[in-house]
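Fold and contact review
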Amino acid sequence: MTSTRPDGNAPTDADTPVRTHGDAHDVTLPVLAGQRDIYLSMQASGDPALYVTGLYVEVDARTDVERLRASVLAVLENAEAMRAVFVEEGGDVRQRLLPTADFDVDVREMPLPDAREWMASQLAQPMDVEHGPLTECTILRTARTVTDPGTAQPDPTLVFLKVHHLVCDGMGLGFFTQAVQEQYDATEASGASEASGVSDGSGASDNARPSRPRDWRLLPVLDAERDYREGADFATDADYWLARMGDRPQPVRLLDDDVVPGRGIIASRFDIPLEVLDPLRALARDAGVRPTVLLIAAVAAFAHVRTGRTDLVLALPVTGRLDRRVRTTPSMVTSVLPLRVDANPRDNLADLAARTERAVFALLAHSRFRGEDLCRALAVQARDSGTSAPSDGPYRMFGLGVNVMANTSRQTMGGHPLSLHALASGPVSDVEIQIQVRRRDRPAEVVVRTVADAAEQAQGIGEDYAAFLRALAAAPSARLRTFTPHGHLDAAIRTVHTETHGAAGAVSLTPALARLREGQIDL
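Here the residue index of a chain counts from 1 through its sequence in written order. In keeping with the predicted nature of the model, local features appear solely for residues at pLDDT of at least 70, side-chain atom pairs appear and are counted solely at 80 or more, and the whole-chain, interface and lining totals rest on all residues. With hydrogens and water stripped out, all remaining heavy atoms of the structure feed into the side-chain values.

**Concerning the pattern of salt bridges**
Any carboxyl oxygen of Asp or Glu that lies within 4 Å of a side-chain nitrogen of Lys or Arg is treated as forming a salt bridge with it. Counting across every chain of the model gives 32 salt bridges. For the salt bridge of Asp47 with Arg263, the shortest nitrogen-to-oxygen distance reads 3.3 Å. Residue Asp47 is located in the loop between helix 1 (33-45) and strand 3 (52-59), and its partner Arg263 is located in strand 9 (residues 262-263); the two are separated by 216 residues in the primary sequence. Classification of Arg263 by relative accessible area gives partly exposed; the value is 28%. Measuring nitrogen to oxygen at the nearest pair gives 3.4 Å for the salt bridge that ties Asp227 to Arg226. Only protein chains enter the calculation, and the probe is 1.4 Å; a residue is then buried if its accessible area is under 20% of its type maximum, exposed if over 50%, and partly exposed in between. The partly exposed category is assigned to Asp227, whose relative accessible area is 36%. Ionic contacts of the salt-bridge type, sharing partners, join the residues Asp37, Arg229, Arg370, Glu372, Asp373 and Arg376 into one network. Secondary structure is summarised from DSSP: a helix means a run of H or I of at least four residues, a strand means a run of E of at least two, and numbering begins at the N terminus for each.

**Here's the deal with unusual backbone geometry**
For the peptide bond that leads from Gly132 to Pro133, omega is -5°, which places it in the cis range. Residue placement: Pro133 occurs in the loop between helix 3 (112-123) and strand 7 (135-143). Residue Arg248 is not a glycine yet carries a positive backbone phi of 50°. Mapped onto the fold, Arg248 is located in the loop between helix 6 (232-245) and strand 9. Taking relative accessible area as the criterion, Arg248 reaches 21% and is therefore assigned partly exposed.

**Quick notes on the environment of Asp37**
Turning to its location among the elements, Asp37 is positioned in helix 1. Between the C-alpha atoms of Asp37 and Arg370, which are 333 residues apart in sequence, the distance is 9.8 Å. The contact definition used throughout considers only heavy atoms, calling two residues in contact when any of these lie within 4.5 Å. With residues up to four places along the chain from it excluded, the contact list for Asp37 reads Arg370, Glu372 and Arg376.

**Topic: the packing of helix 6 against helix 10 (residues 371-385)**
Close contact between helix 6 and helix 10 brings their axes to 10 Å; oriented N to C, the two are set at 65°. Once helix 6 is placed against helix 10, the crossing between them reads as right-handed. In this structure, helix 6 uses Phe234, Trp241, Leu242 and Met245 to contact helix 10, whose residues at the interface are Asp373, Leu374, Ala377, Leu378 and Gln381. Split into classes, the residues belonging to the contact of helix 6 with helix 10 amount to seven nonpolar, one polar and one charged. Lines fitted to C-alpha atoms define the axes, with helix axes restricted to the stretch in contact, and inter-axis angles between N-to-C directions lie between 0 and 180 degrees. Crossing handedness: left-handed means the near helix sits turned counterclockwise from the far one by under a right angle, and right-handed means the same turn made clockwise. Think of it as three bins: nonpolar holds Ala, Val, Leu, Ile, Met, Phe, Trp, Tyr, Cys and Pro, charged holds Asp, Glu, Lys and Arg, and polar takes everything else, Gly as well.

**Describing helix 10**
Expected span of a helix: the number of residues minus one, times 1.5 Å. With 15 residues, helix 10 should reach 21 Å at 1.5 Å per residue; the first-to-last C-alpha distance of 21 Å fits that figure. Listed as buried for helix 10 are Gly371, Asp373, Leu374, Ala377, Leu378 and Ala382. The arc that holds every buried residue of helix 10, seen down its axis, measures 165°, which confines them to one face. In helix 10, those exposed residues whose orientation departs by more than 90 degrees from the buried face are Arg383 and Asp384. In this description, the arc belongs to the directions extending from the helix axis to the C-beta atoms.

**Describing the packing of aromatic side chains**
Two aromatic rings from Phe, Tyr or Trp, using only the six-membered ring of Trp, form a pair when their centres are within 6.5 Å; if the ring planes differ by under 30 degrees the pair is stacked, by over 60 it is edge-to-face, and anything between is tilted. With the rule as written, the count across this model stands at seven aromatic pairs. What links up through ring pairs into an aromatic cluster is the set Phe302, Tyr465, Phe468 and Phe483. Placement of a charge over a ring requires the Lys NZ or Arg CZ to be within 6 Å of the ring centre, with the centre-to-atom vector within 35 degrees of the ring normal. A cation over a ring is seen here: Arg67 above Tyr184, with NZ or CZ 5.6 Å from the ring centre.

Put into structure tokens, the structure is as follows:
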């Protein structure tokens, strides 16, 4: 196979680090394929905040702010990609790393409802990709506005991360926050073991070290991608995706009208209570599929019932982290790929979940091939075959998106429970349904995102999806044809439910695909 750069051109001297001045931080590096695509998309969109992403960690207690601040900066020193800024040199975009001294952690105090509004307002503000910083962290010391002495809860600490998608994806942010948590606890342990025997809360110990070493250098990530794109696997993946999507199927859309892809806002947020979640988990166990896959299938079932479509194409974020050099490094390697699943009115959820699992794991085996590469390859294929005319316009591959994120371990910071909350994760092309699965004794969180002009309709879609999940949990073996677009079972079937269609058997996976089960769907 002919060697190519991430942009499809032949390798040049530009693919090696270039030192423009004497300082190590003036060295410029090539960019990843995803970074280049985001950079070009930014230039075309006209929305400077399009790729601003963020999340927050909620700790159920007041934390030692100085220790937490020092922990964030210590982890940031190690996470090279998150210190990048971007410059244009010789007609190409490149990146250089800022020193950790250019970063700080702000501390603010405000009521909890105001904190959530403030974070949303910050995500609407653009970031300077040339000068940076493109990673911002704020510690929010919050106070609940209503205090019931009988059910008093601690005032939480929120750790808000605002990050440009150019420097990190969602899974990378998950690795970053986990490292901050471990660094904070390691610092606390270090302080507790000092001669005084007591930590005075005055700040982090200078002797603190991360609980485990991490190699989060950017160069191995660049090397891993170059090796892939210059190797045989890239061509194999291209052939797979062209065969899978060569007929250019239309994506599922839930909004009444097509929308121009744009910055997503949260239109609806709700919890899946345990009385709904537990029957779905039991169904996943009986069907032999992962609970996260069953929840993806539930979105597909909702789309089928709502639209009548049987050939479903959903937008699925995937990490593409198949190379050990990339697997846990905060960086921008995530892509969005089309998940194509057949649905039938005679299916029940277990039937559709088994089919969805096969499609997901087939997709994951080829998940290093980027969605942008696929769009370009499909355009070339259509042009060369004469199957499209200039008047057809570009092929819109994505509509409804689904992102199921599992964080099922019990996590703490300083001994206090914490939870992760996604806020924004890039552009949307219709509605995106994000589901955050937590440990078994806690509800899952659903966030419905769309563009601002469609927020009211998307809120209604979120309400319908919540009703649909309740109906599924009440009759998990019911055929999909018995549900209405608003989630409720047909009245006669709801009164006397006699469907006994069995759950699908476990999916048989090759050893290679079995190894892909863990960690490949993006956080």
